[in-house]
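Spelled out from the first residue to the last, the chains are:
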Amino acid sequence: MFPRYRLVGFCGLPGAAALGRLGTGEPGQRAAEVEKVAHRYAAGREPLPVLELLATVANATAGPDGTYRSRTPAATIRRFHRVARDRRALLLLNIQPGRAAVLDEVKALRDWLVHPDVGIALDPEWEMARGQVPGDTYGRTDGHELTEVARYLSGLVEAHDLPQKPLVFHQVATSVVRAQSALRPQPGVALIKSADGIGSPGLKRGTWQRLVHGLPDGLHTGFKLFYEEDAQGSRLMTPKEVLALRPQPEYVMYE
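Source: prediction; values computed, not measured. (Residues numbered from 1 in each chain as written. Predicted model: local features only at pLDDT ≥ 70, side-chain atom pairs only at ≥ 80, totals over all residues. Heavy atoms only, no water.)

**Student:** With reference to specific residues and values, describe the environment of leucine 225.
**Tutor:** Residue placement: leucine 225 occurs in strand S10 (residues 219-225). Leucine 225 has contacts with Tyr41, Lys204, Asp230, Leu236, Met237, Val242, Val252, Met253, Tyr254 and Glu255, leaving out every residue within four places of it along the chain. (Helix = DSSP H or I, 4+ residues; strand = E, 2+ residues; numbered from the N terminus. Contact = heavy atoms within 4.5 Å.)

Right, dumping it as structure tokens:
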């Protein structure tokens, strides 16, 4: 996957505009839009459009099983997968686990993950411990759990003779990913650490510098932008500014 491609994507869930760009308009329209944006980030690489669909969404209420999460219907995932395939894009299934076990949520998506153009994105700030409620505090993961997910994906890649599969984890603060040194790359899996966080270009550069400091070997980088929130009281960073970050982000995601 790297260094051949630069991934550029939109995230969200249909009918939920507040959760990202994919929440508005038709999936085909959004796919065509992100394809145009991706070309602005090529910078010597092949642009690869990404649709990052929320497949597991954290909720403020426990729900019938007490997990504080809901799963996106298979029909919705199928619709976005068709669009991604038609546009030669990548579908990333985003997981906000609430109190559910992360690996269980990944395994629940197995029927999609055996396709060559489907990967996983994790949002550990929504991974809650016992007694925690999504939205009240940041959740967290660690290098051991991320390695466990990567190992599962690696097994699918080997068993089904698939191309390298991306595993993204979004990180909004240093506290969200503990024991990062325990993260172990796995065959057939491209690990991508995506720097999250809202703010002005200066604030976002500061977050970036903190999160990429001491980056383990074999870990690729991503950068997240917010069309509305970043622009409130400031402005959205330009592709030129994003590509000037070091190391240069290999996945750029817009919410």
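**Student:** Can you tell me about unusual backbone geometry, naming the residues and giving the values?
**Tutor:** In this chain, phenylalanine 2 is followed by proline 3 through a cis amide linkage whose omega measures 10 degrees. Looking at where proline 3 falls in the secondary structure, it is placed in the segment before strand S1 (5-12). That bond from arginine 246 to proline 247 is cis: its omega, -5 degrees, falls within 30 degrees of zero. Topologically, proline 247 is positioned in the loop between helix H7 (239-243) and strand S11 (251-254). For alanine 43, which is not glycine, the phi torsion reads 45 degrees and is therefore positive. Along the chain, the position of alanine 43 falls in the loop between helix H1 (27-39) and strand S2 (46-58). For arginine 88, which is not a glycine, the phi torsion comes out positive at approximately 55 degrees. Take arginine 88: it is sitting in the loop between helix H2 (74-86) and strand S4 (90-95). When its relative accessible area of 74% is taken as the criterion, arginine 88 is described as exposed. (Buried < 20%, exposed > 50% of the residue type's maximum accessible area, 1.4 Å probe, protein only.)

**Student:** Before we move on, can you summarise the packing of H1 against H2 with the specific residues and values?
**Tutor:** Running from amino to carboxyl end, H1 crosses H2 at an angle of 40 degrees, the nearest separation of the two axes being 10 Å. By the angle between their directions, the pair H1 and H2 is classed as oblique. Crossing geometry of H1 relative to H2 is assigned as right-handed. Along the contact surface, H1 presents Pro27, Gly28 and Ala31, while H2 presents Arg79, Phe80 and Val83. Of the residues contributing to the contact of H1 with H2, the split by class is 4 nonpolar, 1 polar and 1 charged. (Axes fitted to C-alpha atoms, helices over the stretch in contact; angles between N-to-C directions. Parallel < 35°, antiparallel > 145°, perpendicular 65-115°, else oblique. Left-handed = near helix turned anticlockwise from the far one by under 90°. Nonpolar A, V, L, I, M, F, W, Y, C, P; charged D, E, K, R; others polar.)

**Student:** Lay out the side chain of glutamate 250 with the relevant residues and their values.
**Tutor:** Among the secondary structure elements, glutamate 250 is positioned in the loop between H7 and S11. Among the polar contacts listed, one links the side chain of glutamate 250 to the side chain of histidine 220, at a separation of 2.7 Å. Leave out the neighbours within four places in its chain, and glutamate 250 touches Phe2, Arg6, Leu7, Arg45, His220 and Thr221. (Polar contact = N/O pair within 3.5 Å; in protein donor to acceptor, adjacent residues only side chain to side chain.)

**Student:** I'd like a description of H1, backed by residues and values.
**Tutor:** Taking 1.5 Å of rise per residue, the 13 residues of H1 would be expected to cover 18 Å, and the 19 Å separating its terminal C-alpha atoms lies within 8% of that figure. Looking at H1, one finds that the buried residues are Pro27, Arg30, Ala31, Glu33, Val34, Val37 and Ala38. On an axial view of H1, the arc spanned by its buried residues comes to 165 degrees, and they lie on one face. Across H1 from its buried face, at more than 90 degrees, point the exposed residues Lys36 and His39. (Expected span 1.5 Å × (residues − 1). Arc of directions from axis to C-beta.)

**Student:** Outline the pattern of salt bridges, listing residues and values.
**Tutor:** What the rule picks out here adds up to 14 salt bridges. Each of Asp65, Arg69, Arg71 and Glu105 takes part in one network of salt bridges that share partners. (Salt bridge = Lys/Arg side-chain N within 4 Å of Asp/Glu carboxyl O.)

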